[in-house]
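# Summary of structural features
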Amino acid sequence: MTNEKISCQVCEQEVDSSSLSTCHGCGKKYCPACQSTSTDQKYCKECVGMSGVVTHK
């Protein structure tokens, strides 16, 4: 079983397609490095930076 390589839509680095998540804000496919570190929700760091997404715990 081979993993297809695809580019992250945020940083444009090639990663395994199975490692991508879809941002709830913009719908872009992003890699683990582009996951926002300020929230445990599925938002890319671009959306969190622009919109101020806040974690509700």
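Anyway, here's the lowdown on the structure attached to this text. (Residues numbered from 1 in each chain as written. Predicted model: local features only at pLDDT ≥ 70, side-chain atom pairs only at ≥ 80, totals over all residues. Heavy atoms only, no water.)

## Topic: the environment of E46
Stated precisely, the cut-off is as follows: Under the DSSP-based scheme used, a helix requires at least four consecutive residues in state H or I and a strand at least two consecutive residues in state E, with every element numbered from the N terminus. Working definition: with a 1.4 Å probe on protein chains only, accessible area under 20% of the residue-type maximum means buried, over 50% means exposed, and in between means partly exposed.
Here E46 is to be found in helix α1 (residues 45–51). Looking at E46, the relative accessible area reads 33%, which means it is partly exposed.

## Thoughts on the pattern of salt bridges
Put simply, the rule is: The salt bridge definition used is simple: a Lys or Arg side-chain nitrogen within 4 Å of an Asp or Glu carboxyl oxygen.
According to the stated counting rule, one finds two salt bridges in the structure shown. The closest approach of N and O atoms between K5 and D16, which form a salt bridge, is 3.2 Å. One end of the pair, K5, is in strand β1 (residues 5–7); the other, D16, is in strand β2 (residues 14–16), with 11 residues separating them in the sequence. For D16, a relative accessible area of 25% translates into the label partly exposed. K28 is paired through a salt bridge with E46; the nearest N and O atoms lie 2.9 Å apart.

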